[in-house]
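Overview (structure and organization)
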Amino acid sequence: MRYVAAYLLLNLGGNDSPSEADIKNLLKKAGVGIDDEKLKFVMSQLKGKDINEILAEGAKKLASVPAGGAAPTSGGAGGAGAAGGAAEAAEEKKEESEEEESD
């Protein structure tokens, strides 16, 4: 992932076709380790391709991945209800202790 991120950063910086040396230089400046085999693999996959087309293809693939839908929403609501109940109980205890102090 670091190699793709470096490639994209260099591309955004105006380098339309970053080389392995460009990526290595950027990663070294950032203090990030480099695995030459992985870098060569990434470069072979990106060679001769337009980065905008690659991003568009990736977006299409991600669009078909299920995101989970309503499960987190319903879980969050249950948690909020429980938290609300706890807050009410704490408030009742506070009221009781205030009443005892006033006696």
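None of these values were measured; they are calculated from a predicted model.

**Concerning the confidence of the model for the protein chain**
Taken over all residues, the pLDDT of the protein chain has a mean of 80, while the share at 70 or more is 66%. Here helix α5 (residues 71–102) stands out as the element of the protein chain with the lowest mean pLDDT, 55, in contrast to helix α2 (residues 20–30), whose mean of 96 is the highest.

**With respect to the nonpolar core**
Where a protein is soluble and globular, its nonpolar side chains tend to be buried together. Within the largest apolar cluster, eleven residues are counted, these being Tyr3, Ala6, Tyr7, Leu10, Ile23, Leu27, Leu39, Val42, Met43, Leu46 and Ile51. Only α1 (2–12), α2 and α3 (36–46) provide two or more residues apiece to this core. For leucine 10, the residues in contact, after removing those within four places along its chain, are Asn15, Pro18, Asp22, Ile23 and Leu26.

**Observations regarding the pattern of salt bridges**
The tally for this structure, following the rule as stated, stands at one salt bridge. The closest approach of N and O atoms between lysine 24 and aspartate 36, which form a salt bridge, is 3.1 Å. Taken together, the positions of lysine 24 in helix α2 and aspartate 36 in helix α3 put the pair twelve residues apart, joining distant regions of the chain. Given a relative accessible area of 39%, aspartate 36 falls into the partly exposed group.

**Looking at α1**
Restricting attention to buried positions, one finds in α1 the residues Tyr3, Ala6, Tyr7, Leu10 and Asn11. Axial view of α1: buried residues confined to an arc of 135°, hence all on one face. Away from the buried face of α1 by more than 90 degrees, exposed residues Leu9 and Leu12 are located. Directly beyond the C-terminal end of α1, a positive phi value near 110° is found at glycine 14.

**A short note on the packing of α2 against α3**
Closest axis-to-axis distance for the α2/α3 pair is 11 Å, and the angle between their directions is 130°. Here α2 is positioned oblique relative to α3, judged by the angle of their axes. As for the relative orientation of α2 and α3, their crossing is right-handed in sense. Contacts between α2 and α3 involve Glu20, Ile23 and Lys24 from the former and Asp36, Leu39, Lys40 and Met43 from the latter. For the contact of α2 with α3, the class distribution of residues is three nonpolar, no polar and four charged.

The rules behind each value
Residues numbered from 1 in each chain as written. Predicted model: local features only at pLDDT ≥ 70, side-chain atom pairs only at ≥ 80, totals over all residues. Heavy atoms only, no water. pLDDT = per-residue confidence, 0-100. Helix = DSSP H or I, 4+ residues; strand = E, 2+ residues; numbered from the N terminus. Core = buried A, V, L, I, M, F, W, Y, C linked by side-chain atoms within 4.5 Å. Buried < 20%, exposed > 50% of the residue type's maximum accessible area, 1.4 Å probe, protein only. Contact = heavy atoms within 4.5 Å. Salt bridge = Lys/Arg side-chain N within 4 Å of Asp/Glu carboxyl O. Arc of directions from axis to C-beta. Axes fitted to C-alpha atoms, helices over the stretch in contact; angles between N-to-C directions. Parallel < 35°, antiparallel > 145°, perpendicular 65-115°, else oblique. Left-handed = near helix turned anticlockwise from the far one by under 90°. Nonpolar A, V, L, I, M, F, W, Y, C, P; charged D, E, K, R; others polar.

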